[in-house]
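# Descriptive analysis of the structure
The lines below spell out each chain.
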Amino acid sequence: MMLAYQPVKSLATINVGVNQGLSASKRILPIIDTVNLIGINEDKINLNLENGSIDCKNINFNYSTNLENKVLKNINIKINGGKMTALVGQSGSGKSTLLSLIPRIYDPKTGILEIDGQNIKEVNLFSLRKEISIVDQNVTLFDDTIFNNIKYAKPDANDDEIYEAAKLSMCSEFIDKLENKYQTLIGENGVRLSGGEKQRLSIARAFLKNSKIILLDEATSSLDSETEEKIQKALDKLTLNKTTVVIAHRLSTILNSDNIYVMEKGMVVDSGNHEELLTKSDTYKNYYNKQINKS
Ligand SMILES: Nc1ncnc2c1ncn2[C@@H]1O[C@H](COP(=O)(O)OP(=O)(O)OP(=O)(O)O)[C@@H](O)[C@H]1O
Ligand SMILES: [Mg+2]
């Protein structure tokens, strides 16, 4: 009896483990099931990139199936290849959403998005994403070394390419101060790195990948001016002659942009350069006075 006691007691607790597993799988399965929403188009032709111009034609988008309250409404814009284009607008106006349509993180509900005249829904998804780098602070990082986290952008890169990317992105400055240098483990999703360091890692990845199209979500959280300056220098180098679409929060970025689109409630309401917009767009003037002027 004494010997049987412990095994029988364990049997009674199995139920708890099984039920925890069941409820966890109930939550995870819908997520796994949604992965295939965007076709990867393995059998389709590759994107043939020329100067990397982007055309949005009549784009409407909504996160839910309910077509009321659209997040993007009738977006018709042209983004010039090799130039810098800025998106500005209040929080929630749809800037990040619009950016996420370019690498097909989401597809428009209606309308077409073309790169160099090719409908991006009709090309091989890998060939599309190969040409695009996304730079922001919410970069996905792995609990691995800094070296491997940079290398992720180009798995067949050699060591020198990785050191070069780290140098160009000004990552080497903070990496050199770490005890284990490039072999430092950065923790789950980079918890051991600051926002500015994470942003530089994502710039390093972009240098390594060397894609023609750069999507940039400028940080809203303010960094100290020295870090800010380093990031700015790295970005200036990275975006030179690339098609850059930037969600701009800083005046210097806005002044550097060839064209600015002003977004409001899911629509593009005005466009032009900074000077033009200041004279013709009340929405822009408002936004500028409230958001940018103060920073
Ligand atoms: N994953 C999502 N699921 C559902 N709704 C979302 C999702 N992401 C954004 N939204 C909604 O879509 C609208 C546009 O959001 P979006 O993130 O594009 O705005 P934004 O202009 O980038 O704002 P911010 O300047 O604050 O980053 C918002 O109303 C937002 O609540
Ligand atoms: Mg956003």
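The structure presented is a predicted model; accordingly, all values stated were derived computationally and were not measured.

How each quantity is defined
- Residues numbered from 1 in each chain as written.
- Chains lettered and ligands numbered in written order.
- Predicted model: local features only at pLDDT ≥ 70, side-chain atom pairs only at ≥ 80, totals over all residues.
- Helix = DSSP H or I, 4+ residues; strand = E, 2+ residues; numbered from the N terminus.
- Buried ≥ 20, exposed ≤ 12 C-beta atoms within 10 Å, placed from the backbone.
- Contact = placed C-beta atoms within 7 Å.
- Near = placed C-beta within 6 Å.
- Nonpolar A, V, L, I, M, F, W, Y, C, P; charged D, E, K, R; others polar.
- Pairing = 2+ DSSP bridges.
- Axes fitted to C-alpha atoms, helices over the stretch in contact; angles between N-to-C directions.

## Considerations on the overall build of the protein
For the protein, the count of helices and strands is 11 helices and 10 strands. Taken over the C-alpha atoms alone, the protein extends approximately 90 × 50 × 45 Å along its principal axes. Burial status across the protein gives 31% buried among its 295 residues. If you take every contact in the protein between residues at least 6 apart in sequence, the share linking residues at least 24 apart comes to 74%.

## Looking at the site of ligand 1
Contacts to ligand 1 come from Tyr 63, Val 71, Gly 89, Ser 91, Gly 92, Ser 93, Gly 94, Lys 95, Ser 96 and Thr 97. Of the residues forming the shell around ligand 1, the biggest block, three residues, is contributed by helix H2 (residues 95-101). When grouped by side-chain class, the residues that make up the shell around ligand 1 number two nonpolar, seven polar and one charged.

## Points about the pairing of strand S1 (residues 54-61)
Here S1 pairs with strand S2 (residues 72-79) via five bridges, running antiparallel. When the bridges of S2 are listed, Ile 59 appears paired with Ile 75. Two strands pair when backbone bridges link them, and S1 and strand S4 (residues 110-115) are joined in this way by five bridges, in the antiparallel orientation. Bridge pairing in S4 links Cys 56 to Leu 113.

## Section: the sheet that holds strand S7 (residues 213-217)
Strands belonging to one sheet form pairs held by backbone hydrogen bonds; the direction of such a pair is parallel or antiparallel. Spatial ordering of the open sheet is given by S6-S7-S8-S3-S9-S10, a layout of six strands whose pairing is mixed. Because the sheet does not close on itself, it has two edges, and the strands there are strand S6 (132-135) and strand S10 (267-272). Here the strands of the sheet are splayed against their neighbours by 20° on average, with no regard to which way each runs. Bridging between strand S3 (residues 84-89) and strand S9 (residues 259-264) involves five bridges; their strand directions are parallel.

## Thoughts on the environment of Ile 254
Locating Ile 254 in the fold gives a position in helix H9 (residues 251-256). Judged by the 20 C-beta atoms lying within 10 Å of it, Ile 254 is buried. A sequence separation of 169 residues divides Ile 254 from Thr 85, and the C-alpha atoms of the two residues are 8.7 Å apart.

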